[in-house]
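# Per-entry structural report
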Amino acid sequence: MKHFKIEELVKTSTGLANVPDAKSVENLKYLVENLLDPVREQWGKQIVVNSGFRSPAVNLAVRGAKNSSHLRGEAADITAGSNAENRKLFELIKNSGLVFDQLIDEQNYAWLHLSLSKTANRKQTLHLN
């Protein structure tokens, strides 16, 4: 884990407890080592994690999907700082050759959702506005 720390992947502004279990921590480390760090290396600039692991209470509070990969520590919502930079980062990730489950442009590149599973990865790219 070169560019990211578990602490930034579990932070929440909801005020609710957000403590991952051992399996979720293992998944977060896998996500960082196999996707977030390599993306950061290719990008060459800072990437900020807005949301990583979410406890069920946090996921409910932020209106996350009922079976969100955030609940398992398999996803992070990230930003490169602006919609324009997020658009460039989206294209970089899409064309990087890295394995991912989902790469989602959220709200016209307000942020990107990036997920990775240890089992099956769809390499799915979506635009949700």
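See the structure printed just above.
Basis of the calculations
All residue numbers refer to position in the chain's written sequence, counted from 1. The predicted nature of this model means local features are confined to residues of pLDDT at least 70 and side-chain atom pairs, given and counted, to a pLDDT of 80 or more, with totals for whole chains, interfaces and linings taken over all residues. Heavy atoms throughout the structure, all of them, feed into the side-chain values; hydrogens and water do not. Note on geometry: axes are C-alpha line fits, over the in-contact stretch for helices, and angles between N-to-C directions span 0 to 180 degrees. Secondary structure counts use DSSP, requiring at least four H or I residues in a row for a helix and at least two E residues in a row for a strand, with both numbered from the N terminus. Small angles under 35 degrees read as roughly parallel and large ones over 145 as roughly antiparallel, with 65 to 115 read as roughly perpendicular and the rest as oblique. In this scheme, a crossing is called left-handed if the near helix is turned counterclockwise away from the far one by less than a right angle; it is called right-handed if the turn is clockwise. We call two residues contacting when some pair of their heavy atoms lies within 4.5 Å. Each residue is assigned to one of three groups, with Ala, Val, Leu, Ile, Met, Phe, Trp, Tyr, Cys and Pro labelled nonpolar, Asp, Glu, Lys and Arg labelled charged, and all others, Gly among them, labelled polar. Residues enter a nonpolar core if they are buried and are Ala, Val, Leu, Ile, Met, Phe, Trp, Tyr or Cys, with the set joined through side-chain atoms within 4.5 Å. Think of it in three bands: with a 1.4 Å probe and only protein chains considered, a residue is buried below 20% of the maximum accessible area for its type, exposed above 50%, and partly exposed in between.

Moving on, we get to the packing of helix 2 (residues 22–43) against helix 4 (residues 83–94). Helix-helix packing: each pair is described by the crossing angle between the helix axes and the interaxial distance. For the pair helix 2 and helix 4, interaxial distance at closest approach is 11 Å and the crossing angle is 115°. By the angle between their axes, helix 2 is roughly perpendicular relative to helix 4. The two elements helix 2 and helix 4 meet at a crossing, and its hand is right-handed. Side by side, helix 2 and helix 4 meet where V39, Q42 and W43 of the first sit next to E85, K88, L89, L92 and I93 of the second. Partitioning the contact of helix 2 with helix 4 into residue classes produces five nonpolar, one polar and two charged.

Take the environment of V32 next. Counting through the fold element by element, V32 comes out in helix 2. For the pair V32 and L116, spaced 84 residues apart in the sequence, the C-alpha separation amounts to 9.4 Å. Leave out the neighbours within four places in its chain, and V32 touches M1, F4, L9, D37 and P38.

Membership of the largest hydrophobic core comes to 27 residues, with the highest contact counts inside it found for L35, L36, V39, I78, L89, I93 and L114. For this core, the secondary-structure elements that each account for two or more residues are helix 1 (6–10), helix 2, strand 2 (75–79), helix 4 and strand 4 (111–115). Among the elements that take part in this core, helix 2 stands out by supplying seven residues, more than any other. When residues no more than four places from it in sequence are discounted, the contact partners of L36 are F4, L9, L31, A76, I78 and L114.

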